[in-house]
Amino acid sequence: MTQASQTPADDLAYVRRLAESGARAPLIGGRFMAWWGFILTIAYVAHYFALKGMIGDGSGSIFGIIWIGFSVAGVGGQILLARGMPPKAGEGSAGNRASRSAWTAAACAIGSMVIGCIIAARTGAGPATFDWIVPVAFSVYACALIVTGALSGDRIIVAAGGGAVAMVGLFTALILHSDRYLLAAGGVAATVLLPGLLLLSREPRTQD
Amino acid sequence: MGEDSPFDHNAIDDVIHGRIRLGVVAYLSAVDCALFSELRDKVGATDGNLSAHLRKLEDAGYVSVDKSFVNRKPQTRLALTPAGRKAWSAWLHQMEALRNAAGASSS
């Protein structure tokens, strides 16, 4: 294999570079992170306004409207984005495979908690149970972000995961504070929306 | 290398020892599958050249080729087979032996 101007060390450097470029391929799930981060930020801000009595009729039905609307818009957008996503270089990398699995598991865990909270609220636990979804959600974001960031070698995503870890404690500490959902909105924008936009801007071009 | 050298030239797998084929195998060793165009860009080959090299790897059973249509466009995905991973591991072992042999003869 070695050509006249190359040494075996050059050959090994070449194969090492190629193998590492596969292992460290950029993450390609930015559009999904940006989408969920965007609508979740809006939902948290709307929830904050509802708690303050700035929107809704005070009956509590506004919370149902906000979160059912969020779920329908989120899943609908997810389906449209997935259908319209072209093949991308690096989709077979460890980081991107881990990203798909980790975020799917995160969505399932949050969905399971939401169902549990609905059942608990209907059996007398009260609406405060729903507040605990937020720190649980930040916990699973933290796991997904740190695992995918570490596997893809993306320090910003790992740092976003660190921010999600901090949000777990911060939101829990302020769980009785009236501005807690404004804090959650800022946390989601910083740890999911902005990193998602960053990943989107760095995605490799479409492959044919 | 002398006759008592621990390095055996004949043990080097010619199928993956070519620069482009080696690049293909190295890249595929780090991912579970790759698009044809992704590989082409990574190894810096033309479509025709890469196709010829992939055919050799496929004939040797080192690479699997999956052709399909996505959004009405043809798409080729390539992956390293278990035999390909074994050959890649053996090649790395041979290069390590070569380096050791070179180190032993120079000392």
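Our subject is the structure listed above.
Bear in mind the structure is a predicted one, so any value in this text is a computation, not a measurement.

1. Focus: the overall build of chain B
Counting its secondary structure elements, chain B contains 5 helices and 3 strands. Ordered by position from the N terminus, the helices and strands of chain B form the series α-α-β-α-α-β-β-α. For chain B, the residues scored as buried account for 31% of the 107 residues in total. At a minimum sequence separation of 6, the contacts of chain B that also span at least 24 residues come to 58%.

2. A look at the overall build of chain A
For chain A, the count of helices and strands is 7 helices and 0 strands. For chain A, the N- to C-terminal ordering of α and β elements is α-α-α-α-α-α-α. Viewed in the frame of its principal axes, chain A has a C-alpha envelope of about 80 × 35 × 30 Å. Taken over 208 residues, chain A has a buried fraction of 30%. Across chain A, contacts joining residues at least 24 apart in sequence account for 73% of those joining residues at least 6 apart.

3. A closer look at the sheet that holds strand β2 (residues 63–70) of chain B
Residue and element names in this part refer to chain B. Taken in spatial order, the 3 strands line up as β1-β3-β2 in an open sheet, and their pairing is antiparallel. The open sheet terminates on both sides in strands that have one partner only, identified here as β1 (34–35) and β2. In the packing of helix α2 (residues 19–29) onto the sheet, contacts are made with β1, β2 and β3 (73–80), and the angle to β3 comes to roughly 85 degrees.

4. Concerning the environment of Trp35 of chain A
Residue and element names in this part refer to chain A. The topology assignment puts Trp35 in helix α2 (residues 30–51). By C-beta crowding, Trp35 is classed as buried, having 20 other C-beta atoms within 10 Å. Distance from Trp35 to Gln78, taken between C-alpha atoms, is 7.7 Å for residues 43 residues apart in sequence. Trp35 has contacts with Gly77, Gln78 and Leu81, leaving out every residue within four places of it along the chain.

5. Looking at the interface of chain B and chain A
Chain B puts 22 residues into the contact, and the matching count from chain A is 17 residues. Looking at the side of chain B that touches chain A, the elements that each hand over two or more residues are α2, β1, α3 (36–43), β3 and α5 (82–106) of chain B. The residue inventory of the side of chain B that touches chain A, partitioned by class, reads 11 nonpolar, 6 polar and 5 charged.

6. Some points on α3 of chain B
Burial of α3 of chain B is extensive: 6 of the 8 residues sit out of reach of the surface. Immediately beyond the C-terminal end of α3 of chain B, within one or two residues, lies Gly44 of chain B, with a positive phi of roughly 70 degrees.

7. Side note on the environment of Ile28 of chain A
All names here are of chain A. Within the secondary structure, Ile28 sits in the loop between α1 (8–23) and α2. Accessibility expressed as a C-beta count within 10 Å gives 24 for Ile28, which makes it buried. Other than its neighbours up to four places away in sequence, Ile28 contacts Lys88, Gly90, Glu91, Asn96 and Glu203.

Conventions adopted
Residues numbered from 1 in each chain as written. Chains lettered and ligands numbered in written order. Predicted model: local features only at pLDDT ≥ 70, side-chain atom pairs only at ≥ 80, totals over all residues. Helix = DSSP H or I, 4+ residues; strand = E, 2+ residues; numbered from the N terminus. Buried ≥ 20, exposed ≤ 12 C-beta atoms within 10 Å, placed from the backbone. Contact = placed C-beta atoms within 7 Å. Pairing = 2+ DSSP bridges. Axes fitted to C-alpha atoms, helices over the stretch in contact; angles between N-to-C directions. Nonpolar A, V, L, I, M, F, W, Y, C, P; charged D, E, K, R; others polar.

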